[in-house]
Amino acid sequence: MPNPLGPHGRCDGAGGARPPRPVVHHSHKKDEILEALWTMREDGSESLGDLAALVATTRLEEIIGEMVAAGTVVRDKDNLSLTASGETRAREIIRRHRLAERLFHDVFGLSEAQWEASACSFEHILDVTVVEAVCTFLGHPSVCPHEKPIPPGRCCRDARRPTEPLVIPLTSLKVGGDAKIIYIAPRTKSRLSRLSSFGVIPGSNIHLLQRHPSYVIRIDQTNVALEGDVARDIFVRPDNSHTH
Ligand SMILES: [Zn+2]
Ligand SMILES: [Zn+2]
């Protein structure tokens, strides 16, 4: 069988660890088709054949027929396109999926195989308020970890400073900046325990003294030097209270 967890925000729900389904299977399949049509369009395809390769079902023709009747999809021979309402729904699903990917990738440091399965279930259960909170927490990111665009939501348009994320890697903090450590996504456990022995733990307030040749932060009265690849694993919320 094909890999059920295709890249770039597709999932067919047919494999991997199976989460409880919050929606009936049939509408999940339609969501999956809308999602697949969106990602296919990004790759320049509208063909039914390409869709069939992405969506695991023996009832594709029948479901497409229902979607045409429901007004979410337009079919012209073997070409498929989204109607305005199909587009709206697909956009919402893609947005949730790709934000979930960012969350699992950036915040929890999960591998792609781990996050893809979770992103597929999250896209169906996150409600609008939660999606906006996640988007704001991540700083309204514009792309997923695969560099595919994340359709912006209302929170992104309303954000006063949409280019300034709430939480950024330490490597993006300006020299002289104060920040609070929000989370650490180390590549190894030993690194995490070494960092915590220096007080580099979530909740600590830091001051960035220099970036080159290594990052030096002050925590309490102690200066700690960090290599760039370690600093990249540390995510902080800049304290902008002095600057605005
Ligand atoms: Zn992606
Ligand atoms: Zn946003």
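The structure we're discussing is the one just above.
Residues numbered from 1 in each chain as written. Chains lettered and ligands numbered in written order. Predicted model: local features only at pLDDT ≥ 70, side-chain atom pairs only at ≥ 80, totals over all residues.

> Is there a simple way to explain the overall build of the chain in this structure?
Helix and strand content of the chain: 9 helices and 8 strands. Looking at the 244 residues of the chain, the share that counts as buried comes to 30%. (Helix = DSSP H or I, 4+ residues; strand = E, 2+ residues; numbered from the N terminus. Buried ≥ 20, exposed ≤ 12 C-beta atoms within 10 Å, placed from the backbone.)

> Explanation requested: the nonpolar core in the structure shown.
Nonpolar side chains in soluble globular proteins generally cluster together in the buried interior. Counting residues in each nonpolar core, the largest one holds 16 residues, and the members touching the most others are L170, L173, I181, I206, A231, I234 and V236. Listed by contribution, the elements that provide at least two residues to this core are strand 4 (178-184), strand 5 (205-210), strand 6 (215-219), helix 9 (228-231) and strand 8 (234-238). Take this core: its biggest share by element is 3 residues, from strand 8. Dropping the residues within four chain positions of it, I181 is found in contact with V200, I201, P202, G203, S204, I206, I234 and V236. Within the second largest apolar cluster, 14 residues are counted, among which are L103, W115, V131 and I150. (Core = buried A, V, L, I, M, F, W, Y, C linked by C-beta atoms within 7 Å. Contact = placed C-beta atoms within 7 Å.)

> Teacher, can you tell me more about the sheet that holds strand 3 (residues 168-169) here?
The 6 strands lie next to each other as 3-8-4-5-6-7, forming an open sheet whose pairing is antiparallel. Edge positions in the sheet fall to strand 3 and strand 7 (222-226), since each has one partner strand and no second. Sheet topology places strand 3 next to strand 8; 2 bridges connect them, and they run antiparallel. Counterpart to P169 in the pairing with strand 8 is F235. (Pairing = 2+ DSSP bridges.)

> Quick question: what am I supposed to make of the packing of helix 4 (residues 84-107) against helix 5 (residues 112-125) here?
In a pair of packed helices, the angle between the axes and the distance between the axes together describe the arrangement. At their nearest, the axes of helix 4 and helix 5 sit 8 Å apart, and the two run at 140° to each other. In terms of axis orientation, helix 4 runs oblique to helix 5. In the packing of helix 4 onto helix 5, the handedness of the crossing is right-handed. Together, I93, R96, H97, A100, E101, F104 and H105 of helix 4 and W115, S118, A119, F122 and E123 of helix 5 make up the contact between the two elements. Classifying every residue of the contact of helix 4 with helix 5 gives 6 nonpolar, 3 polar and 3 charged. (Axes fitted to C-alpha atoms, helices over the stretch in contact; angles between N-to-C directions. Parallel < 35°, antiparallel > 145°, perpendicular 65-115°, else oblique. Left-handed = near helix turned anticlockwise from the far one by under 90°. Nonpolar A, V, L, I, M, F, W, Y, C, P; charged D, E, K, R; others polar.)

> Could you clarify how one ought to interpret the environment of G199 in this entry?
Along the chain, the position of G199 falls in the loop between helix 8 (189-197) and strand 5. Spatially, the C-alpha atom of G199 lies 8.7 Å from that of D220, the residues being 21 residues apart in sequence. With sequence-adjacent residues up to four places away left out, G199 is seen in contact with S204, I219, D220 and T222.

> Looking at this structure, how should I read the packing of helix 4 against helix 6 (residues 128-137)?
The N-to-C vectors of helix 4 and helix 6 enclose an angle of 45°; their axes lie 10 Å apart at closest approach. Judged by the angle between their axes, helix 4 and helix 6 are oblique. The interaxial crossing formed by helix 4 with helix 6 has left-handed handedness. Touching R96, L99 and L103 of helix 4 are V131, V134 and C135, all from helix 6. A breakdown of the residues in the contact of helix 4 with helix 6 according to their chemical character gives 5 nonpolar, no polar and 1 charged.

> I'm lost on the pairing of strand 5 in this one. Help?
The two faces of the sheet receive side chains in turn, since in a regular strand these alternate between them. Looking at chain direction, strand 4 and strand 5 are connected through 3 bridges and run antiparallel. By the bridge assignment for strand 5, D178 is matched with H207. Inspection of the sheet shows strand 5 paired to strand 6 by 4 bridges, in the antiparallel sense. Following the sheet pairing, Q210 is matched in strand 6 by V216. Hairpin connection between strand 5 and strand 6: a loop of 4 residues separates the two successive antiparallel strands.

> What is the right way to look at helix 5 in this model?
Since one α-helical turn is 3.6 residues long, residues separated by three or four positions face the same way. Here helix 5 is 14 residues long and its end C-alpha atoms lie 20 Å apart, about the 20 Å a rise of 1.5 Å per residue gives. What helix 5 keeps buried is the set W115, E116, A117, A119, C120, S121, F122 and E123. (Expected span 1.5 Å × (residues − 1).)

> Before we go on, may I ask you to explain the pairing of strand 7 in this structure?
As defined by bridge partners, strand 6 adjoins strand 7 across 5 bridges and the pair is classed as antiparallel. The residue of strand 7 that forms the bridge with I219 is T222. Between strand 6 and strand 7, which pair antiparallel in sequence order, lie 2 residues; one of them, D220, sits at a positive phi of approximately 55°.

> Honestly, the environment of V200 in this entry has me stumped. Any pointers?
By secondary structure assignment, the location of V200 is in the loop between helix 8 and strand 5. The exposure class of V200 is buried, given the 24 C-beta atoms found within 10 Å. Sequence separation of V200 and R218 is 18 residues, and the distance between their C-alpha atoms is 9.8 Å.

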